[in-house]
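Letter by letter, the chains look like this.
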Amino acid sequence: MRMGFRFATALLFAAVVLSGCGKSGDRGSSYTEADGERLANKKCATCHDLHMPAKTSENEVAPPMFAVAVHLKDWMKSDSPAMQRAKFIDFVQDYVINPSPQKSYCDPASLKSYGLMPSQKGKVNREELAAIAGWVYDHFDQKAMLEIIRRENYLKSLPPYKRVLETKDCKVCHISGADRVAPSFEKIAQRYGIEGLENIKRSIREGSRGRWKGYSAPMRAYGKDMSEAQIEAIAKWIAAGGREKGR
Ligand code: HEC
Ligand code: HEC
C-alpha cells in the first residue's frame, strides 16, 4: 500500500518535471539561464557572494551561494538530477519568501551567526526565483568548479604576457602571418623596437588609429580593463619581437 503510493507520487512528480523541462528548463518559466544569472546578481548578490570558487570574508552577511548550493544538494538526495533540480527550485521559491529556522538546512551554529535570512517578499517573484534557482543549481557545481580551478592554475603557470594573450582578445585581430585585420605583432616590433616601448604602451592604453596604412578600423583603448602591469608585460613582449614560442 505504502509502496504503491510512493510509486504513484514518483510517477506524478516525474511527469510534472519532464513536461516542464521540455519547454525551457525552468518548469514553464519564460526566463533563460542568462536571466537567472542576471537576476541573482540583482536580487541576491548584495548578501550572497556569487563567485566560484567562493570569495569568503570575515564579516560576510550570508553564506556564499556556492556553499548554499553544495550544502542543499547534499541534503536533497534524489533519484535523478532532474528530480533533485526540481526539489531545489521548490525549496528556494519557498524559502526566500518564507524563511524559517525549521525549514533551514543551515546548521544551528551558522544560522545563529548569520541570523535568519530576511524574507525577500515583494522584491522577487516566484517566476524570477525559478530562474535564479535553476541557474544556481546548474552553475554551482563541483565539477564545473574543478574546471574553473584548473583554468586558473593554468593561467597562473603562464608568463604574464601570455596570460594577457589568453584572457584578452588581442589575437582575434593580431594574427601572426596574417595581418588583414591588424598589423601583426612582429610588424609592430619591427617598426618600433624596444625604443618604442612607451609608444606601444600608450597605444594599448589609449587605442590607436591612422598609424598603419590599410587598416580602416581603429583599435579601441584597453586602459580601463587592463592593469598597468598587464600593459607593461604585453608591450615589452611585443617590443621584443612579438613572436610566440614554437613558431
Ligand atoms: C539581506 C540579505 C539576503 C538577501 C538579499 C538574500 N539572502 Fe539568502 N540568506 C541570507 C542569510 C543571512 C542566510 C543564512 C541564514 C538562513 O539560512 O536563513 C541565507 C540563506 C539562504 C539560503 C539557504 C537556506 C538553507 O536552508 O540553508 C538560500 C537557498 C538562499 N539564502 C537563497 C537566496 C536567494 C535565491 C536570494 C536572492 C533572491 C537571496 N537568498 C537573497 C541573506 C540574504
Ligand atoms: C578589433 C581588432 C583589434 C584588437 C582586438 C586589438 N587590436 Fe591592436 N590594433 C588593431 C588595429 C586595426 C591596429 C592599427 C591601428 C592604426 O592604424 O593605428 C592596431 C594596432 C596595435 C598596436 C600598434 C599601435 C601603434 O602605435 O602603432 C599595438 C601595440 C596593438 N595594436 C596592441 C594590441 C593589444 C596588446 C591588444 C589586446 C590587448 C590588441 N592590440 C587588440 C586592431 C586590434
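For every chain, the first residue of its written sequence is number 1, and the numbers climb from 1 along that sequence. Chain A is the first chain written and ligand 1 is the first ligand written, with later ones labelled in order. Confidence filtering applies because this is a predicted model: local features only for residues at pLDDT of at least 70, side-chain atom pairs given and counted only at 80 or more, and all residues used for totals across whole chains, interfaces and linings. The basis for every side-chain value is the complete set of heavy atoms in the structure, and neither hydrogens nor water enter the calculation.

Trainee: Quick one: what's the story with the overall build of the chain, residue by residue and with numbers?
Mentor: Scanning the chain from terminus to terminus reveals 12 helices and 0 strands. Strands are runs of DSSP state E lasting at least two residues, helices are runs of H or I lasting at least four, and both sets are numbered from the N terminus onward. The linear arrangement of helices and strands in the chain, starting from the amino end, is α-α-α-α-α-α-α-α-α-α-α-α. When a residue's accessible area, from a 1.4 Å probe over protein chains only, is under 20% of the maximum for its type it is buried; when over 50% it is exposed; and in between it is partly exposed. Across the 247 residues that make up the chain, the buried fraction comes to 38%. Contact definition: two residues touch when any of their heavy atoms are within 4.5 Å. A separation of at least 24 residues holds for 58% of the contacts in the chain among residues at least 6 apart in sequence.

Trainee: Give a detailed account of the site of ligand 2, specifying residues and quantitative values.
Mentor: A single heavy atom is enough: if one lies within 4 Å of a molecule or strand, its residue is considered near that molecule or strand. Cys-170, Cys-173, His-174, Tyr-192 and Met-219 are the nearest of the 24 residues found near ligand 2. In protein, a polar contact means a hydrogen-donor-capable atom and an acceptor-capable atom, both N or O and within 3.5 Å, with residues adjacent in sequence counting only if both atoms are side-chain atoms; elsewhere, any N or O pair within 3.5 Å suffices. In the model, a nitrogen atom of ligand 2 is placed 2.8 Å from a nitrogen or oxygen of the His-174 side chain. At a threshold of 2 Å from the grid points, most atoms of ligand 2 map onto the second largest pocket. Elements with a minimum of two residues in the shell around ligand 2: α9 (170–173), α10 (185–192) and α11 (197–206). Here the shell around ligand 2 takes 4 residues from α11, the largest share from any one element. Classification convention: Asp, Glu, Lys, Arg as charged; Ala, Val, Leu, Ile, Met, Phe, Trp, Tyr, Cys, Pro as nonpolar; all other residues, Gly among them, as polar. Grouping the constituent residues of the shell around ligand 2 by class yields 16 nonpolar, 5 polar and 3 charged. For cavity detection a 1 Å grid was placed over the protein atoms alone, and a set of points counts as a cavity when a 1.4 Å probe fits there but cannot get out; an open set counts as a pocket when protein lies on both sides within 12 Å along at least five of seven lines, with lining residues being those that have an atom within 4 Å of a point. To be counted as sitting in a cavity or pocket, a molecule needs more than half of its atoms within 2 Å of that site's grid points.

Trainee: Pulling in residues and values, what's your account of the coordination of the iron atom of ligand 1?
Mentor: Note that water is not among the atoms used; donors are N, O and S atoms within 2.8 Å of the metal (3.2 Å for Na, K and Ca), so sites may look incomplete. The coordination sphere of the iron atom of ligand 1 contains the protein donors His-48 (NE2) and Met-117 (SD), at a distance range of 2.0 to 2.2 Å. Between the 6 donor atoms coordinating the iron atom of ligand 1, the angles at the centre fall across 84 to 178°, so the site counts as octahedral. One end of the pair, His-48, is in the loop between α2 (33–43) and α3 (65–75); the other, Met-117, is in the loop between α5 (108–114) and α6 (126–139), with 69 residues separating them in the sequence. Just to be clear on the cut-offs, tetrahedral is four donors with all angles between 85 and 135 degrees, square planar is four donors and octahedral six with opposite donors over 155 degrees apart and all others between 65 and 115, and anything else goes down as irregular.

Trainee: Give me the lowdown on α10, citing residues and values where you can.
Mentor: Within α10 the residues assigned to the buried category are Phe-185, Glu-186, Ile-188, Ala-189 and Tyr-192. Summarising the axial view, the buried residues of α10 lie within an arc of 160°, below the 170-degree limit, and thus occupy one face. Elements in contact with the buried residues of α10: α8 (160–167), α9, α11 and α12 (228–239). What the arc describes is the spread of directions from the helix axis to the C-beta atoms.

Trainee: Account for the site of ligand 1, with residues named and values stated.
Mentor: In the vicinity of ligand 1, 27 residues are found, and the nearest of them are Cys-44, Cys-47, His-48, Tyr-95 and Met-117. The separation between an oxygen atom of ligand 1 and a polar main-chain atom of Tyr-105 is 2.6 Å. Judged by its atoms lying within 2 Å of the grid points, ligand 1 is housed in the largest pocket. Those elements giving two or more residues to the shell around ligand 1 turn out to be α3, α4 (81–97), α5 and α6. It is α4 that provides the largest number of residues to the shell around ligand 1, a total of 4 residues. Of the residues contributing to the shell around ligand 1, the split by class is 21 nonpolar, 5 polar and 1 charged.

Trainee: Can you break down a positive patch on the surface residue by residue, with the values?
Mentor: Nonpolar side chains (Val, Leu, Ile, Met, Phe, Trp, Tyr) are joined into patches within 5 Å and like charges within 9 Å, using only residues with over 30% relative accessible area and no salt bridge. Under the convention used here, a 1.4 Å probe and the Shrake-Rupley method define accessible areas, while residue burial counts only the protein chains that appear. A side-chain nitrogen of Lys or Arg and a carboxyl oxygen of Asp or Glu constitute a salt bridge if their distance falls within 4 Å. When charges are counted, Lys and Arg are positive and Asp and Glu negative, with His and the chain ends excluded. By convention, the point assigned to a charge is CZ for Arg, NZ for Lys, CD for Glu and CG for Asp. Together, Arg-191, Arg-202, Arg-211 and Lys-213 line one region of the surface with positive charge. Within the fold, Arg-202 resides in helix α11.

Trainee: Residues and numbers for the packing of aromatic side chains, please.
Mentor: Within 6.5 Å between ring centres, the rings of Phe, Tyr and Trp (the latter by its six-membered ring) count as paired, and their orientation is classed by plane angle as stacked under 30 degrees, edge-to-face over 60, tilted in between. Counted by the stated rule, this structure contains 8 aromatic pairs. For the pair Phe-91 and Tyr-105, a centre-to-centre distance of 5.1 Å together with 55° between the ring planes defines the contact as tilted. With Phe-91 in helix α4 and Tyr-105 in the loop between α4 and α5, the pair connects residues that are 14 residues apart, well separated along the chain. On the basis of relative accessibility, which here comes to 16%, the residue Phe-91 falls in the buried class.

Trainee: Go over the coordination of the iron atom of ligand 2 with me, naming the residues and quoting the values.
Mentor: For the iron atom of ligand 2, the full set of protein donor atoms is His-174 (NE2) and Met-219 (SD), and the range of their distances to it is 2.0 Å. The site at the iron atom of ligand 2 holds 6 donor atoms, and with the angles between them running 83 to 180°, its shape is octahedral. Within this pair, whereas His-174 is found in the loop between α9 and α10, its partner Met-219 is found in the loop between α11 and α12, the two being separated by 45 residues in sequence. In this structure His-174 comes out as buried when scored by relative accessible area, which is 11%. On the accessibility criterion, Met-219 (30% relative accessible area) is partly exposed.

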